[in-house]
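Coordinate inspection notes
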Amino acid sequence: MDLLSRIIIDTDIGTNADDAVAVALAVKSPEICVEGLTTVYGKVHTRARTAQAVLNLCGVNHVPVYPGVPLPLLRNRPLRRAGMEDKGLALALDEAPVTEGHAVEFIVEKVMNNPGEITLVTIGPLTNLAAALILEPQVAKQVKRIVMMGGVTRLGANGAELEPVEHNIQCDPEAASVVFRSGVPMLMVGLDVTRQARFTRDDARQMARCGTPLAACLVQMMHAFMDYMERDFSYMCDPLTIAALIDPTLIRTVAMEIEVLYDHRTSSGQTLARPQPSGPVNVALELDQERFFELMYQRLFS
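Just so you know, these numbers come straight off a predicted model, no measurement behind them.

On to the overall build of the protein. Secondary structure summary: the protein contains 12 helices and 11 strands in total. Relative to its length of 302 residues, the protein is compact, with a C-alpha radius of gyration of 17 Å against a globular reference of 19 Å. Considering only residue pairs separated by 6 or more positions, the protein has 82% of its internal contacts joining residues 24 or more positions apart. About 12400 Å² of surface is accessible on the protein, with carbon and sulfur atoms providing 49% of the total. For the protein, the separation between the mean place of its 27 positive charges and that of its 36 negative charges on side chains is 2 Å.

Strand-to-strand pairing in sheets goes through backbone hydrogen bonds, with the strands running parallel or antiparallel. Strand order in the open sheet formed by 9 strands is β3-β2-β1-β4-β5-β6-β11-β9-β10, with mixed pairing between adjacent strands. The open sheet is flanked by β3 (65–67) and β10 (270–275), the only strands paired with a single partner. Taken over all neighbouring pairs, the strand axes of this sheet differ in orientation by 30 degrees on average, direction set aside. Summarising the sheet, strand β9 (residues 251–261) and β10 pair through 6 bridges and their orientation is antiparallel. Pairing of Ile 258 across the sheet is with Ala 273, part of β10.

It is worth spelling out the packing of helix α3 (residues 103–113) against helix α4 (residues 127–135) at this point. Running from amino to carboxyl end, α3 crosses α4 at an angle of 60 degrees, the nearest separation of the two axes being 9 Å. On the basis of their axis angle, the class for α3 and α4 is oblique. For α3 against α4, the interelement crossing comes out right-handed. Residue-level contacts link Ala 103, Val 104, Ile 107 and Val 108 of α3 to Asn 128, Ala 131, Ala 132 and Leu 135 of α4. Partitioned by chemical class, the residues of the contact of α3 with α4 number 7 nonpolar, 1 polar and no charged.

This brings us to the environment of Leu 73. Summarising the element assignment, Leu 73 is placed in the loop between β3 and α3. Separated by 93 residues in sequence, Leu 73 and Glu 166 have C-alpha atoms that sit 17 Å apart. The residues touching Leu 73, leaving out its near neighbours within four places in the chain, are Thr 127, Ala 130, Ile 134, Asp 172, Ala 175 and Val 178.

This part takes up unusual backbone geometry. Residues other than glycine seldom take positive phi values, yet Tyr 41 does so here, at roughly 75 degrees. Examined against the element boundaries, Tyr 41 turns out to sit in the loop between β2 (32–39) and α2 (44–57). In this structure, Glu 230 is a non-glycine residue whose phi angle is positive, near 55 degrees. Within the secondary structure, Glu 230 sits in the loop between α10 (213–229) and β8 (233–235).

The next point concerns the packing of aromatic side chains. In total, this model carries 6 aromatic pairs according to the counting rule given. Taking 6.4 Å as the distance between ring centres and 25 degrees as the angle between the ring planes, the aromatic pair formed by Phe 199 and Phe 293 counts as stacked. Remark: Phe 293 occurs in helix α12 (residues 289–301) and Phe 199 occurs in strand β7 (residues 198–200); sequence separation between them is 94 residues. Accessibility classification places Phe 199 together with Phe 293 in one group, the buried group. Among the aromatic side chains, those forming a connected cluster through ring pairs are Phe 199, Phe 292, Phe 293 and Tyr 297.

What follows covers the side chain of Asp 238. You can see Asp 238 is positioned in helix α11 (residues 237–246). At 8.9 Å, Arg 81 is the nearest oppositely charged side chain to Asp 238, a buried residue that forms no salt bridge. Discounting chain neighbours no more than four positions away, the residues touching Asp 238 are Asp 18, Asp 19, Ala 22, Ile 123 and Met 149.

How each quantity is defined
Residues numbered from 1 in each chain as written. Predicted model: local features only at pLDDT ≥ 70, side-chain atom pairs only at ≥ 80, totals over all residues. Heavy atoms only, no water. Helix = DSSP H or I, 4+ residues; strand = E, 2+ residues; numbered from the N terminus. Rg over C-alpha atoms; globule rule 2.2 N^0.38 Å. Contact = heavy atoms within 4.5 Å. Areas by Shrake-Rupley, 256 points an atom, 1.4 Å probe, with all protein chains shown as cover. Lys, Arg positive; Asp, Glu negative; His and termini not counted. Charge placed at Lys NZ, Arg CZ, Asp CG, Glu CD. Pairing = 2+ DSSP bridges. Axes fitted to C-alpha atoms, helices over the stretch in contact; angles between N-to-C directions. Parallel < 35°, antiparallel > 145°, perpendicular 65-115°, else oblique. Left-handed = near helix turned anticlockwise from the far one by under 90°. Nonpolar A, V, L, I, M, F, W, Y, C, P; charged D, E, K, R; others polar. Phe/Tyr/Trp six-rings, centres within 6.5 Å; stacked < 30°, edge-to-face > 60°. Buried < 20%, exposed > 50% of the residue type's maximum accessible area, 1.4 Å probe, protein only. Salt bridge = Lys/Arg side-chain N within 4 Å of Asp/Glu carboxyl O.

What follows is the structure, encoded as structure tokens:
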């Protein structure tokens, strides 16, 4: 691993708490330099203010936040989980102004001005990244790599338990197809491993005991999303992308070729995986759960 990973985090923060956990984990990790945050899908300005508020709770004031594309690439699909962008939050969003400019333009400019140095960490639908690749095809050659929370192969030991389509890909499968066909080196952190990072209400209550404003905010968001999903657990999906940058040994990967299957149905977006030793996508299949949570807690709350 490089001594310092320079990253842009592209996120649909505000729906599920794990985006906020991922942002906090990144800015609190010395191995990572967060060059900027970009928001995607739905109320992108609300998401941007949420991201800025989380940065404020982390004591970070140097990371720009840019709202991005609010609708799927082809404008052909209804928004999923619409209205969840700021539910259950007690953050002062009106006091968290965002940076002027657009996410896609920021991604293109940052990557092209820093060839081979910027890693794009995508923890939401892939619309912003697809738009950047379309606007400037050279991004595919100049970006260092993509680390993505998205997709599912069902090729791991827990494969029979997994749903065939993952949320971030399903929200905009056409955009996902653009990204996977770009040839950019990629780490895919999908349901195969994120479903191994289960987080319960009891875990959230334990986290709250550390007593920091950041912990209180994250726990509130976790409970709100569990309420929305009508269950007493969730998964730390997005923080896994950050943890894999910090310590790649937390996951076991297999090189594959990924094709996104899509049609007019809203349920489309399956990621079809074919093991391929020279494939451009390293797919995470196994997670060291204990070490992952130890790292997350140590960085966020110690």
